[in-house]
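# Architecture and fold: a report
Chain by chain, the residues run as shown.
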Amino acid sequence: MRGADVHGSGSGSEPGVAAGSGVDHEFLALERELAVFLRRARATSGEMAREVHPNLEAAAYGLLVRLESAGRQRATDLAAYFGVGKATMSRQLRALEGLGLVARETDPADARASLVGLTDEGLARFRSVRDARRGRYARNLAGWDRTEVAELARLLHHFNERAEK
């Protein structure tokens, strides 16, 4: 299927790409679709952050996702996971604490350190928004066969796993 137009026009060329230029059209198509996907994901994260709390920054929503899935964490581990500096992570965590969405407690393994976790309110707000998002996914993919949804999830997992290396 090399060089085929993924949108079905049958032209086999990308706009602005000269024929015979050696450009890999499948990767151009992938890049274009990922750009659209990421733009929408950023916009959705901002909307979801505001649904959790009107004063929640879009970037901090990912922290809630991580804390819900991985449980309590040290701030340094969160900073490493997101690839940000300690100061940036401290600022975001202070903001989340101020909103009552996360709390710190002493790390039982090292009393000098703290663990950050979702508060009961933070967990309830996050899960409510996440469940609504899953409902939107289900509506948007209602015409898809379940095996197609599973295949998309499998391919995205594979892509994300490879990106980690």
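Just above sits the structure.
Within any chain, residue numbers begin from 1 and follow the written order of that chain's sequence. For this predicted model, a pLDDT threshold of at least 70 governs which residues receive local features, and a threshold of 80 or more governs which side-chain atom pairs are given and counted, while totals over whole chains, interfaces and linings are taken from all residues. In computing side-chain values, all of the structure's heavy atoms are included and hydrogens and water are not.

## Section: the overall build of the chain
The criterion, for reference: Only DSSP runs of H or I reaching four residues or more are called helices, and only runs of E reaching two or more are called strands; each is numbered from the N terminus. Relative accessibility thresholds used throughout: buried, under 20% of the residue-type maximum; exposed, over 50%; partly exposed, between the two (1.4 Å probe, protein chains only). Contact definition: two residues touch when any of their heavy atoms are within 4.5 Å. Only the protein chains shown count as covering a residue, and every accessible area follows the Shrake-Rupley method with a 1.4 Å probe.
Scanning the chain from terminus to terminus reveals six helices and two strands. Counting from the amino terminus, the chain carries its helices and strands in the arrangement α-α-α-α-β-β-α-α. Burial analysis of the chain (165 residues in total) assigns 24% to the buried set. Put simply, of all contacts in the chain between residues at least 6 apart along the chain, 43% involve residues at least 24 apart. Counting only carbon and sulfur atoms, one obtains 53% of the accessible surface of the chain, whose full area is about 11200 Å².

## With respect to the layout of surface pockets
Rules: Put plainly, a pocket is an open set of points on a 1 Å grid over the protein atoms alone with protein on both sides within 12 Å along at least five of seven lines, a cavity is a set where a 1.4 Å probe fits but cannot get out, and a lining residue has an atom within 4 Å of a point. Grid points are joined across faces, edges and corners, and a volume is the space filled by probe spheres set on the points. We call Asp, Glu, Lys and Arg charged. Ala, Val, Leu, Ile, Met, Phe, Trp, Tyr, Cys and Pro are nonpolar, and the rest, Gly among them, are polar.
By volume, the largest pocket amounts to about 2500 Å³. Lining the largest pocket are 47 residues, with F37, A41, Y137, L156 and N160 positioned closest to its centre. Listing elements by their share of the lining of the largest pocket, those giving two or more residues are α1 (25-52), α2 (58-70), α3 (75-82), α5 (120-140) and α6 (146-163). Sorting elements by how many residues they give to the lining of the largest pocket places α1 first, with 15 residues. Here the lining of the largest pocket is built from residues that sort into 26 nonpolar, seven polar and 14 charged.

## Brief notes about the nonpolar core
Keep this limit in mind: For the purposes of this section, nonpolar cores are sets of buried Ala, Val, Leu, Ile, Met, Phe, Trp, Tyr and Cys residues that join through side-chain atoms within 4.5 Å.
Counting residues in hydrophobic clusters, the biggest one holds 21 residues, and the most contacted among them are L56, L64, L93 and L96. Where this core is concerned, the elements lending two or more residues are α1, α2, α3, α4 (86-98) and α5. Here L93 is in contact with L63, A75, L78, V102, R104 and V116, once residues within four sequence places are set aside.

## Points about the pairing of strand β2 (residues 110-118)
For the record, the criterion: For two strands to count as paired, DSSP must find a minimum of two bridges between them.
Note that strand β1 (residues 102-107) and β2 share six bridges and pair antiparallel. When the sheet's bridge partners are listed, E105 is paired in β2 with L115. Between β1 and β2, which pair antiparallel and follow one another directly, the connecting turn spans two residues.

## Regarding the pattern of salt bridges
Keep this limit in mind: Salt bridges are defined by distance alone: a side-chain nitrogen of Lys or Arg within 4 Å of a carboxyl oxygen of Asp or Glu.
Using the criterion set out here, one finds twelve salt bridges in the structure. The residue R91 makes a salt bridge to E57 at a minimum N-O spacing of 3.1 Å. Here the residue R91 occupies a position in helix α4, and E57 occupies one in the loop between α1 and α2, the gap between them amounting to 34 residues. Given the relative accessible area of 38%, E57 is considered partly exposed. The network of salt bridges with shared partners includes E68, R127, R130 and D131.

## So, α3
Stated formally: To obtain the arc, one takes the directions from the helix axis to the C-beta atoms.
All buried positions along α3 are accounted for by A75, L78 and A79. Taken end-on, α3 shows its buried residues confined to a sector of 100°, consistent with a single buried face. In this structure, the buried side of α3 is in contact with α2, α4, β1 and β2. Positive backbone phi, approximately 70°, marks G83, located one or two places after α3.

## Points about α4
An α-helix turns once per 3.6 residues; consequently, residues spaced three or four apart project the same way. For clarity, the threshold we go by: Helix span, as expected, comes to 1.5 Å for every residue beyond the first.
Look at α4: 18 Å from first C-alpha to last across 13 residues, which is about the 18 Å you get at 1.5 Å a residue. All buried positions along α4 are accounted for by M89, Q92, L93 and L96. Seen along its axis, α4 keeps its buried residues to an arc of 100°; they face one direction. In α4, the exposed positions that point more than 90 degrees away from the buried face belong to A87, R94 and G98. Of the residues trailing α4, G100 is marked for its positive phi of about 80°.

## Considering the environment of N55
Within the element layout of this structure, N55 appears in the loop between α1 and α2. Taking the relative accessible area as the measure of exposure, N55 reaches 58% and is therefore exposed. Linking N55 and L96, residues 41 residues apart in sequence, is a C-alpha distance of 9.5 Å.

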